[in-house]
Each structure stands twice: as structure tokens, then as C-alpha cells.
Amino acid sequence: MTDQMPRDTIFALSSGALPSGIAVVRLSGPATRTVIRKMAGTLPPPRQAQLRDIKSGEGNQLDRGLVLFFPGPASFTGEDCGELHLHGGRAVVTAVLEALGAFPGLRMAEAGEFTRRAFLNGKIDLPGAEALSDLIAAETEAQRRFALANTTEAHRKLYDKWRQQLIRARALIEAELDFADESDVPGSVADTVWPEVAALRDVITAHAATYRDAEIIRDGFQVVIIGAPNAGKSTLLNALARREVAIVTDEPGTTRDVLEVALDIGGMKVVLADTAGIREAEGRVEAIGIERSLERARKADLVLLLEDMAAPHPVEIPGGAQAIRIGTKSDLVPPGSRPQDYDCVISAHTGEGLDRLLGLLREASEGFSSCIGNVLPFRARHVALLNEAAAELGFALERENDGLELRAENLRRAGQALAQILGEIDVEHLLDEIFSTFCVGK
Ligand code: GDP
């Protein structure tokens, strides 16, 4: 954390779109006390909301609302912070923001700057900041619960435990190096240290592999709809989404690219992708579309394989992905003359079977929400550093013929990678990217 502590005072509208019942304007920085005194008469007692006339620096009344003061360091950012709870009218908020901007040393906050200051002041670690960003972005119940669980410093506790193990291992190696010259040499550390390092490497590798579960909870359970042209893919997608997202047409081959719709099924985000019809491609563009469909289906968590029961056109499931076979257009085929081997029979026109299909989607995806209680890496950044840590431990284990100093250096680097996940070292270059994804005012 070598970033210089910011000295200027920032402010921003922290609540949502205007007009609204109440709008919250937040301040953080050393001028907060002076500004609140000037705008609200006196400083309210710490953390107590007081109803005040809110005035500009020149003394013009702008609104009447609640004013709060949070003295640092026991505040969200660690600095003096303030909140003005205004009437959520556009003109009210504009007047208050203009009045704040007119004070010397005050400026509008950048995206995520309050949270960035909280991080720089050691109030939260980097996974904690990332989890806050996820919590604000959360749209489904599973996303909300997962993001909230990740704000609890569970990652810090786990990674600190591993770092302690590595520090202990290095201390034992140091001790062996110190004793090496003496006649009374204790037993080799190899017997105790290396099996522990090997076990830790396996634990870290297994932990990194759980990222897929986190991705499914955060970004959605990926379902790809495939089938021959005219099997009813776009129509099904539309029926499920209950809105027009794909063009439905009689002309085969028009769904050339991948269209997506995200559904909330039992609290899980489920992303359904409609793909180009799979058959002999007639044009280059369509061939690319089909290749993309197959590629996507291979990576999907689940494939919905659609077959028009009125004009069956069997399609193979690509790459052995988990699949649900669905017979479509049941309104055109009487029950007695339907093929038997479908998991589900539907009509997007009459709605027959759609509830059963939604039930199957729910069954396939809901298991992932049980992972929410586990500590999972939840950013590609975390996984890359976990893999780096595991690789360093692997190097240390392999270099049996190298000196202990060199092998200890690998252990140190593994610890550094874990520290980087928590944001303790070497993260300056990442901060702009991480915090720019936040809203202004957070
Ligand atoms: P896609 O090429 O697989 O995306 O197929 P579409 O969704 O574009 O559907 C092809 C044609 O089948 C359209 O004319 C749809 O109206 C029709 N269709 C789709 N689903 C049903 C259904 O459940 N019943 C009937 N009767 N027609 C359907």
C-alpha cells in the first residue's frame, strides 16, 4: 500500500437515479468537518442523524434534511466522512453538489473512490472491495448471498492461514541452514517441511479449481440451446424470457449469431443462449455462426437439445455436455405419435411443458447455490495468483537437488502471491481497473 494518502476531500451522490424520495450525498476527507459546520450550522454528534437547514457556503438555504458525521478512523473510508440526506429532486441535488464543489479542496469523487480510500486506509482488503462491487451488481438472490458472504474477510482468514504455514516452513529451513555448520545437526527438515508443502500445494490447487462454481453463481449458469434450423430455438427463448429478444421467422438459418437472455430461476442467474441452427452451412457467415454454436455448447454447463417432433432432424450433442433432450411443437403432434425418448416435450405456442422445462433448469442449476457457504476464489485475478502460488510450491518440491535457499525462495514467492490476492503488495497497477468498475459514490 504505497499509494500516497489522498489529502483532498471528495463528494458524490451515492444514492440512485433522480428524482427519488431521498438522495444521499456523501463526503470523505479532511475538509469534511469544516464543510458540514458551514453547511449545517454545527457538527452533529458522531454517527447521529440531525435535521438541519442545509446551506451553501454563501449562506443560501438549499434544502432541509438529515446530516450525519462519521469521524475517522472509525468510518467506512477511515477518513472523516459525512452524509447529507436530501430531498431527491434534481434541482436540490444539483444545488448541493455545486455548493460542495465551490469549497476549496473539494472535488467530485471518481468511480469507486470511497471504497478505494477504504482499501488504502486498511479498512477493507481487496477481495472485500471486490465483493462490495459484486453486492452492488447483484441481481439474483444467489448473487446477493454470495457477494455478502465474500465481504466477511473469509478469504483473508484462509490465505493468512496458508501464509503462516509457509512462514513456518521457511523458519524451519532457516534453522536447518543455521545448524548445518554445527556438529550436532538436527534431523533434516525434509521429512517435516516438504510433505506439508506438498499438501498445501494440493489444497491451493483444489481451491483454485472451485472458481468455476463462483463463476456460475456470479455470471450465471450457462445454458446453450441447440438444434436444427426451425426446431423452435428462438421461439422457446422468447417464450421463456416472455419478451422479444430473438427474431422468430420461418426462413431457416436466420439466427446466425448467439443471442442471450438471462433469467432468474429460483434465485440463480441462468443465461440461455440461442445459437445458429446446426445443419450444413450454406454461407460463410452461417458456417462461422454454427462453429460458434458448437464451441459454446462444448463449454456450456447444460445444453438444451431441441428437436422438432413434427419434422425430426436428429442432432448430436457436442462434446458429451450434460444435455436435456426436448421435443418441440407438441401442439402439432398428438401424444400417441410422439417419439418417446425426450426428457421434456414442449410447445412454445401453447406453453405446454414450459413449467417442466423451467423445473429441469432449476434442478440443474440450484445445486451451485449450496457452494455459497464455501470460501471460493471469485475473480480471475484470484485464480491466476492461486495458480502462481501452487506453481511456486511445485518448483520448491521439484528442486530436490538445489540448495535450500533457492527452494525457500519459491516458498516466499508463493506467500507473496497470496498477499497479492489480499491486496497487500504489488497491486497499484490493478487499482484503477478494479475500482473503475464501481459506481460513482461507492
Ligand atoms: P429456430 O430456427 O430453431 O430458432 O426456430 P424458430 O424459433 O425460428 O421457429 C421456427 C418456426 O417454428 C417458426 O415459424 C415458429 O413460429 C414455429 N414454432 C416454434 N415453436 C413452435 C411451437 O411450439 N408450435 C408450433 N406450432 N410452431 C412453432
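Note that the structure is predicted; figures quoted are calculated from it, not measured. (Residues numbered from 1 in each chain as written. Predicted model: local features only at pLDDT ≥ 70, side-chain atom pairs only at ≥ 80, totals over all residues. Heavy atoms only, no water.)

### Things to note about the side chain of Glu113
Next, step 1: With respect to the element layout, Glu113 can be found in helix α3 (residues 113-120).
Next, step 2: When sequence neighbours within four positions are dropped, the list of residues in contact with Glu113 reads Ile10, Arg107, Met108 and Lys442. (Helix = DSSP H or I, 4+ residues; strand = E, 2+ residues; numbered from the N terminus. Contact = heavy atoms within 4.5 Å.)

### Overview of the confidence of the model for the chain
Next, step 1: Residues of the chain with pLDDT of at least 70 account for 89%, and the chain-wide mean is 88.
Next, step 2: Taken as a whole, residues 252-256 scores under 50 in pLDDT and shows 17 contacts with residues more than four places along the chain or in a different chain. (pLDDT = per-residue confidence, 0-100.)

### Comments concerning the sheet that holds strand β2 (residues 20-28)
Next, step 1: Strands sit in the order β3-β4-β5-β2-β1-β6 across an open sheet of six strands; the sheet is mixed. The open sheet has two free edges, formed respectively by β3 (50-55) and β6 (106-108), since each of these has just one partner strand. With direction set aside, neighbouring strand axes in the sheet form an average angle of 30 degrees.
Next, step 2: Alignment of strand β4 (residues 61-70) against strand β5 (residues 81-88), held across five bridges, turns out to be antiparallel. When the sheet's bridge partners are listed, Leu66 is paired in β5 with His85. (Pairing = 2+ DSSP bridges. Axes fitted to C-alpha atoms, helices over the stretch in contact; angles between N-to-C directions.)

### Examining the pattern of salt bridges
Working definition: two side chains of opposite charge can pair if their charged atoms are close together.
Next, step 1: The full count for this structure, using the stated rule, is 30 salt bridges.
Next, step 2: Put simply, Asp53 and Arg64 hold a salt bridge, and the shortest N to O gap is 2.7 Å. Linking Asp53 in strand β3 with Arg64 in strand β4, this pair joins segments that are 11 residues apart in sequence.
Next, step 3: The closest approach of N and O atoms between Arg413 and Glu392, which form a salt bridge, is 3.7 Å. Separated by 21 residues along the polypeptide, Arg413 in helix α13 (residues 404-422) and Glu392 in helix α12 (residues 380-398) bring together distant segments of the chain.
Next, step 4: The class of Arg413 is partly exposed, set by a relative accessible area of 40%.
Next, step 5: Residue classification places Glu392 among the buried positions, given a relative accessible area of 9%.
Next, step 6: Salt bridges linked by common partners bring Asp8, Glu79, Arg107, Glu113 and Arg117 together as one network. (Salt bridge = Lys/Arg side-chain N within 4 Å of Asp/Glu carboxyl O. Buried < 20%, exposed > 50% of the residue type's maximum accessible area, 1.4 Å probe, protein only.)

### Considering the UniProt feature "binding site: (6S)-5-formyl-5,6,7,8-tetrahydrofolate" (unreviewed entry) in the chain
Next, step 1: Summarizing the sequence annotation, UniProt attributes the feature "binding site: (6S)-5-formyl-5,6,7,8-tetrahydrofolate" (unreviewed entry) to Arg26, Glu83, Lys123 and Lys442 in the numbering used throughout.
Next, step 2: The residue Glu83 is located in strand β5 in this model.
Next, step 3: Take Glu83: its relative accessible area is 18%, and that puts it in the buried class.
Next, step 4: Ignoring anything within four residues of it in the chain, the contact list for Glu83 reads Val24, Val25, Arg26, Leu66, Val67, Leu68 and Phe70.
Next, step 5: For Lys123, the location among the structural elements is in the loop between α3 and α4 (126-137).
Next, step 6: Setting aside anything within four residues of it in sequence, one finds Lys123 in contact with Pro73, Ala74, Ser75, Phe76, Thr77, Gly78 and Ala118. (UniProt positions renumbered as here; feature names shortened; annotations may be inferred.)

### Notes on the packing of aromatic side chains
Next, step 1: Enumeration according to the criterion identifies five aromatic pairs in this entry.
Next, step 2: Between Phe146 and Phe378 the ring centres are 6.3 Å apart and the planes differ by 80 degrees, which places this aromatic pair in the edge-to-face class. Linking Phe146 in helix α5 (residues 141-149) with Phe378 in the loop between α11 (354-366) and α12, this pair joins segments that are 232 residues apart in sequence. Each of the two residues, Phe146 as well as Phe378, counts as buried.
Next, step 3: Between the aromatic rings of Phe221 and Phe368, the centroid separation amounts to 5.8 Å while the plane-to-plane angle is 45 degrees, which identifies the pairing as tilted. Taken as a pair, Phe221 in strand β7 (residues 221-227) and Phe368 in the loop between α11 and α12 lie far apart in primary sequence, 147 residues in all.
Next, step 4: Assessed through its relative accessible area of 1%, Phe221 is described here as buried.
Next, step 5: Of the aromatic side chains, those joined through ring pairs into one cluster are Phe119, Phe435 and Phe438.
Next, step 6: Residue placement shows Arg26 over the ring face of Phe114; its charged tip is 4.6 Å from the ring centre.
Next, step 7: We note Arg407 situated over the ring of Trp194; from NZ or CZ to the ring centre the distance is 3.8 Å. (Phe/Tyr/Trp six-rings, centres within 6.5 Å; stacked < 30°, edge-to-face > 60°. Lys NZ or Arg CZ within 6 Å of the ring centre and 35° of its normal.)

### Looking at the pairing of strand β9 (residues 268-274)
Next, step 1: Where burial is concerned, most of β9 is hidden: seven out of the seven residues are buried.
Next, step 2: Residues Met268, Val270, Leu272 and Asp274 point to one face of β9 and Lys269, Val271 and Ala273 to the other, with burial holding for every one of them.
Next, step 3: Both β7 and β9 contribute to a ladder of five bridges, which runs parallel. When the sheet's bridge partners are listed, Phe221 is paired in β9 with Val270.
Next, step 4: Summarising the sheet, strand β8 (residues 259-265) and β9 pair through seven bridges and their orientation is antiparallel. Within β9, the residue paired with Leu259 across the bridge is Asp274.
Next, step 5: With antiparallel pairing between neighbouring strands as the criterion, β8 and β9 make up a hairpin whose turn holds two residues, including Gly266 at a positive phi of roughly 60 degrees.

### Looking at the sheet that holds β8
Next, step 1: Strand order in the open sheet formed by six strands is β8-β9-β7-β10-β11-β12, with mixed pairing between adjacent strands. A single partner strand is all that each edge strand has here, and the edge strands are β8 and β12 (344-345).
Next, step 2: With respect to the sheet, helix α8 (residues 211-219) is in contact with β7 and β9, its orientation differing from that of β9 by roughly 85 degrees.
Next, step 3: α11 rests against β7, β8, β9, β10 (302-308), β11 (323-328) and β12 of the sheet, and its axis sits at about 160 degrees to β10.

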